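Residue-level listing of the chains:
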Amino acid sequence: MSKNEKHFAEKQKSKGGIARIWRAFRYTCAGFAAAFRGEQAFRQEVFVFVPATVLVLISPIDWIFKAALLFPLALILAVELINSAIEAVVDDISTDYRELAKRAKDFGSAAVFCTIVSAVIIWVAVISHCFAIGQFDAWFPYGVAIAAK
C-alpha cells in the first residue's frame, strides 16, 4: 500500500463517539440508495417489502406474529445487499469470465434464494396459524370462506 493510500485509509478509520455513529448512518443510507438505484433485484424486493410491512403492521395479529413476519423480509433485503456487494467486488476486480468469480456470484444468488424460500415458508406457517387461532377474526368476522366470496 502506498503512503497516499495508507493516509486515505487512516482518515477513513473511525475515532469513535457520536461522529462515528453519524458517519455509519450516512454510509448505510448511501448503501441503500446505491442498491435501490443500481440493483433491479433489490428494487423488486423493496416493492414487496414496503406493502407487506404495511399490511403486517395494520393486521390485527399479536406483535410476536408481526415480528415473525417482518424479520424474514428484512433478512431478504440484508442478504440481497450482501449478494450485491459480492457481485460489485467481483466485477471490480475483473469482468472477464473466471470460474471462481462465477461461483462467488452463484453462491450469493443461492443465499438470496434460500432466504426467500424460508420467508415464504414462515409466512405460510404464521398466517395459517393466525387464522387457525382466530387472530384475523377482526378482518374476517364470518370466516375466510365468506370473505372470499
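About the cut-offs
- Residues numbered from 1 in each chain as written.
- Predicted model: local features only at pLDDT ≥ 70, side-chain atom pairs only at ≥ 80, totals over all residues.
- Heavy atoms only, no water.
- Helix = DSSP H or I, 4+ residues; strand = E, 2+ residues; numbered from the N terminus.
- Buried < 20%, exposed > 50% of the residue type's maximum accessible area, 1.4 Å probe, protein only.
- Contact = heavy atoms within 4.5 Å.
- pLDDT = per-residue confidence, 0-100.
- Patch = residues over 30% accessible without salt bridge, like charges linked within 9 Å, V, L, I, M, F, W, Y side chains within 5 Å.
- Areas by Shrake-Rupley, 256 points an atom, 1.4 Å probe, with all protein chains shown as cover.
- Salt bridge = Lys/Arg side-chain N within 4 Å of Asp/Glu carboxyl O.
- Phe/Tyr/Trp six-rings, centres within 6.5 Å; stacked < 30°, edge-to-face > 60°.
- Lys, Arg positive; Asp, Glu negative; His and termini not counted.
- Expected span 1.5 Å × (residues − 1).
- Arc of directions from axis to C-beta.
- Axes fitted to C-alpha atoms, helices over the stretch in contact; angles between N-to-C directions.
- Parallel < 35°, antiparallel > 145°, perpendicular 65-115°, else oblique.

Attention shifts here to the overall build of the protein chain. Assigned secondary structure in the protein chain consists of 6 helices and 0 strands. When the helices and strands of the protein chain are listed from N to C terminus, the series reads α-α-α-α-α-α. Within the protein chain, buried positions represent 21% of all 149 residues. When contacts within the protein chain are restricted to residue pairs at least 6 apart in sequence, long-range pairs at least 24 apart make up 62% of them.

Before going further, it helps to spend a moment on the confidence of the model for the protein chain. Here the protein chain shows a mean pLDDT of 89. Residues at 70 or above account for 84%. Per-element averaging of pLDDT across the protein chain places helix 6 (residues 144-147) at the bottom with 52 and helix 4 (residues 63-93) at the top with 97.

Let us look at a nonpolar patch on the surface. A cluster of nonpolar side chains, contributed by Val50, Val54, Leu55, Leu57, Ile58 and Trp139, occupies part of the molecular surface with about 560 Å² of accessible area. Topologically, Trp139 is positioned in the loop between helix 5 (99-132) and helix 6.

Here the focus is the packing of aromatic side chains. A full pass over the atoms with the stated rule returns 4 aromatic pairs. Both rings, one in Phe36 and one in Phe47, keep their centres 5.8 Å apart while their planes meet at 80°; by these two values the pair is edge-to-face. Of this pair, Phe36 sits in helix 2 (residues 17-38) while Phe47 sits in helix 3 (residues 40-58), and the two are 11 residues apart along the sequence. With relative accessibility at 32%, the residue Phe36 sits in the partly exposed group.

Our focus in this paragraph is the side chain of Glu80. Examined against the element boundaries, Glu80 turns out to sit in helix 4. For the buried Glu80, no salt bridge is present, and the opposite-charge side chain at shortest range is Arg43, 11 Å distant.

As a further point, take helix 3. The end-to-end C-alpha distance of helix 3, which contains 19 residues, comes to 28 Å, matching closely the 27 Å that a straight helix rising 1.5 Å per residue would cover. Turning to helix 3, its buried residues number three or more, namely Phe42, Glu45, Val46, Ala52, Thr53 and Val56. Down the axis of helix 3, the sector holding all buried residues measures 155°, keeping them to one side. Those residues of helix 3 that are exposed and aimed more than 90 degrees away from the buried face are Phe47, Val48 and Ile58.

Here helix 2 crosses helix 3 at 105°, and the two axes come no closer than 6 Å. In terms of orientation, helix 2 lies roughly perpendicular with respect to helix 3. Listed contacts from helix 3 to Phe32, Ala35, Phe36, Arg37 and Gly38 of helix 2 are Gln40, Phe42, Arg43, Val46 and Phe47.

Time to look at the pattern of salt bridges. Summed over the entire model, instances satisfying the criterion amount to 2 salt bridges. Note that Lys105 and Asp91 form a salt bridge whose closest N and O atoms lie 2.6 Å from each other. Of this pair, Lys105 sits in helix 5 while Asp91 sits in helix 4, and the two are 14 residues apart along the sequence. Given a relative accessible area of 24%, Lys105 falls into the partly exposed group. Across the salt bridge formed by Lys102 and Asp106, the nearest N and O atoms sit 2.5 Å from each other.

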